[in-house]
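What the coordinates show
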Amino acid sequence: MPRRLLAALALAAAACGQSGGGAARVTAERVVVTLPAAAGRPGAAYFRLDTNRDDTRLVQVSSPSARRIELHEAGMRPAASFAFSPGEPLHFQPGGRHAMLFDLDPALRPGARIALTFTFEGGAPPVNAEAEVRAAGDVRAPH
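Quick notes on the rules
Residues numbered from 1 in each chain as written. Predicted model: local features only at pLDDT ≥ 70, side-chain atom pairs only at ≥ 80, totals over all residues. Heavy atoms only, no water. Helix = DSSP H or I, 4+ residues; strand = E, 2+ residues; numbered from the N terminus. Polar contact = N/O pair within 3.5 Å; in protein donor to acceptor, adjacent residues only side chain to side chain. Core = buried A, V, L, I, M, F, W, Y, C linked by side-chain atoms within 4.5 Å. Buried < 20%, exposed > 50% of the residue type's maximum accessible area, 1.4 Å probe, protein only. Contact = heavy atoms within 4.5 Å. 1 Å grid on protein atoms, 1.4 Å probe; cavity = no way out; pocket = protein on both sides within 12 Å on 5 of 7 lines; lining within 4 Å. Points joined across faces, edges and corners; volume = space filled by probe spheres on them. Nonpolar A, V, L, I, M, F, W, Y, C, P; charged D, E, K, R; others polar.

1. Some points on the side chain of His98
Inspection of the secondary structure assignment puts His98 in strand β7 (residues 98-104). Of the polar contacts made by the side chain of His98, one reaches the backbone oxygen of Gly96; its length is 2.9 Å.

In structure tokens, the structure reads:
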């Protein structure tokens with residue numbers, strides 16, 4: 001094959017990789033749920049989401065261990081969704097964005113693990129992740 005053709009094919013392949021050729025994919029990392037300080041109060045979920053292609057919008061988090069989950073801005077303000085892009089992860093962390101978990105399973109204890117499902121607007125499929133359950137006030141960095 002002529003060198004110019006090989007170079008053009010290599011550039012095209014690299015461009016596809018940079019723009020996230022293929023299906024849109026989101027990954028969830030550092031997923032932690034903290035239990036409420038008082039029985040009957042909501043817990044909180046923290047995590048990091050990355051996408052490999054296109055702008056993505058988180059619209060819902062759900063779990064069989066919680067009756068309802070709300071997305072919140074810092075300052076406890078509910079939000080309908082959060083956008084993020086390749087190279088610009090979406091962080092939910094103590095003191096900032098967080099997900100409030102209402103009516104958590106009362107049998108949950110620190111050290112347990114629970115399933116969370118992240119749902120997105122557009123082409124990205126839902127992402128299932130396992131969250132480490134921590135005691136109220138435990139703000140250690142996730143494993």
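Structure shown, so let's carry the discussion forward.
2. Let's talk about the nonpolar core
Counting 29 residues, the largest nonpolar core has Phe47, Leu49, Leu58, Leu101, Leu116, Phe118 and Phe120 as its most contacted members. With residues near it in sequence (within four places) discarded, Leu49 still touches Val26, Thr27, Ala28, Leu58, Phe84, Pro89, Leu90, Phe118 and Phe120.

3. Quick notes on the environment of Phe92
With respect to the helices, strands and loops of the structure, Phe92 is situated in strand β6 (residues 90-92). Residue Phe92 is classed as buried on the basis of its relative accessible area of 3%. Here the alpha-carbon distance between Phe92 and Ala44, two residues 48 residues apart in the chain, equals 9.8 Å. Those residues in contact with Phe92, other than ones at most four positions away along the chain, are Ala45, Tyr46, Phe47, Leu58, Leu71, Phe82, Arg97, His98 and Ala99.

4. Brief notes about the layout of surface pockets
Space left empty within the atom packing is revealed by a probe, the size of a water molecule, rolled over the atoms. Quantified by volume, the largest pocket comes out at close to 240 Å³. Contributing to the lining of the largest pocket are Leu35, Pro36, Ala38, Ala39, Gly40, Arg41, Asp103, Leu104, Asp105, Pro106, Leu108 and Arg109. Taken together, the residues of the lining of the largest pocket sort by class into seven nonpolar, one polar and four charged.

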